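An overview of the molecular structure
Letter by letter, the chains look like this.
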Amino acid sequence: MRYNWAGYALGVGPVTVKAVGVRFRKAGKIYYFNPGNLELEIGDGVIVETARGIEYGTVVSGPQEWHDDVNGEPLKPVIRKADADDLERVQANDAKEREAFAICQDKIAAHGLPMKLVDVDYTFDGSKIIFYFTADGRIDFRELVRDLAQVFRTRIELRQIGVRDEAKMLGGLGCCGRELCCATWLREFSPVSIRMAKDQNLSLNPAKISGICGRLMCCLKFENEVYEEARNGFPEVGTRVMTPDGEGKIVGINIFRHTLNVELKESKLVREFPPDDVVELR
């Protein structure tokens, strides 16, 4: 059977196969693989081939029908279901990662590099070690890489990440008292703006609307669409209006009480009115 560039069988259409979603970190992105004839369930450990090499992952979704045309290429197959030997290797790699972390920290200090080591990740087959770090600017770590390669005798990759990714890797507790969303279930970060805090009538004090990463809290995004929809029936703050108590200007909106706060022109007092009692002035 011949295929075109998109992976479709010529004259047939999309090729449908089974696919399982595999995750390599607790709250990481889900990647899809073809399980072939393997009987897999959610929670099973699997060995797969990725761009980084042979990796161990956990099945988190599927099997499900899937068009075998991701990025114009067929889905990569699941090599095998993880067995006891594979799990022992994963545990051994975990121990190696802790050792590599300590060694890399010593090397960073020896070279006097202004960088903070965050995490270390061994590929399952040991063909590569990835060191994740944060820094304020660009770092010349070529000498560090050479030193690490001499110690570990394998491929070394140093990857600079942002503070949000650092929080996702390390985890912690938010101001709500729960584990960080990014470290438990949030797969990808969405843009968050100060406008979202304003629309939700939150304090604009950075200490109150920032997460432990120092950036605006991701949860500002979760309910933003609801707030936007709820505000659609209200006039904008600053609109001149006529109220039963005279002319005034809208200075606040309370979507929960479904009221408008109006500063009266004559008395300068701020009073609360339902929207039906307020008429916009042109």
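As a reminder, the structure under discussion sits directly above these lines.
Quick summary incoming for the structure in this document. Just so it is clear, the model here is predicted, and its values are computed rather than measured. Each chain has its residues counted from 1, running along the sequence as written. With pLDDT at 70 or above as the cut-off, local features in this predicted model cover only qualifying residues; side-chain atom pairs require 80 or more to be listed or tallied, and sums for whole chains, interfaces and linings still use all residues. The side-chain values count all of the structure's non-hydrogen atoms but skip hydrogen atoms and water molecules.

What counts as a helix is a DSSP run of H or I of at least four residues, what counts as a strand is a run of E of at least two, and both are numbered from the N terminus. Here Arg23 shows up in strand 1 (residues 16-23). It turns out Arg23 is buried and unbridged, and the closest side chain with the opposite charge, Glu188, is 9.9 Å from it. A polar contact of 3.0 Å, which involves the side chain of Arg23, links it to the backbone oxygen of Gly28. The criterion used for residue contact is that any of the two residues' heavy atoms lie within 4.5 Å. With near-sequence residues (within four places) excluded, Arg23 lies in contact with Gly28, Lys29, Ile30, Gly57, Thr58, Val60 and Arg187. The classification of residues rests on relative accessible area computed with a 1.4 Å probe and restricted to protein chains. Under 20% of the type maximum is buried, over 50% is exposed, and intermediate values are partly exposed. In this tally, Asp and Glu contribute negative charge and Lys and Arg positive charge; neither His nor the terminal groups of the chain are included. Criterion for a salt bridge: a side-chain nitrogen of Lys or Arg within 4 Å of a carboxyl oxygen of Asp or Glu. Two N or O atoms form a polar contact when they lie within 3.5 Å of each other; inside protein one atom must be a possible hydrogen donor and the other a possible acceptor, and for residues adjacent in sequence the pair counts only when both atoms belong to side chains.

Relative to strand 2 (residues 30-33), strand 1 is paired through 4 bridges, and the arrangement is antiparallel. Bridging from a neighbouring strand, Val22 pairs with Tyr31 of strand 2. Whether two strands pair comes down to DSSP finding at least two bridges between them. The turn linking strand 1 back onto strand 2 is made up of 6 residues.

Residue placement: Thr50 occurs in strand 3 (residues 45-50). Ignoring anything within four residues of it in the chain, the contact list for Thr50 reads Phe24, Phe33, Glu55 and Lys76.

Right, let's get into the pattern of salt bridges. One pass over the full model with this rule turns up 16 salt bridges. Across the pair Arg25 and Asp119 runs a salt bridge, and its minimum N-O distance is 3.2 Å. You can see Arg25 sitting in the loop between strand 1 and strand 2 and its partner Asp119 sitting in strand 6 (residues 116-122), a full 94 residues away along the chain. For Arg159, the salt bridge identified is with Glu157, shortest N-O distance 2.6 Å.

These figures come from the coordinates and say nothing about function on their own.
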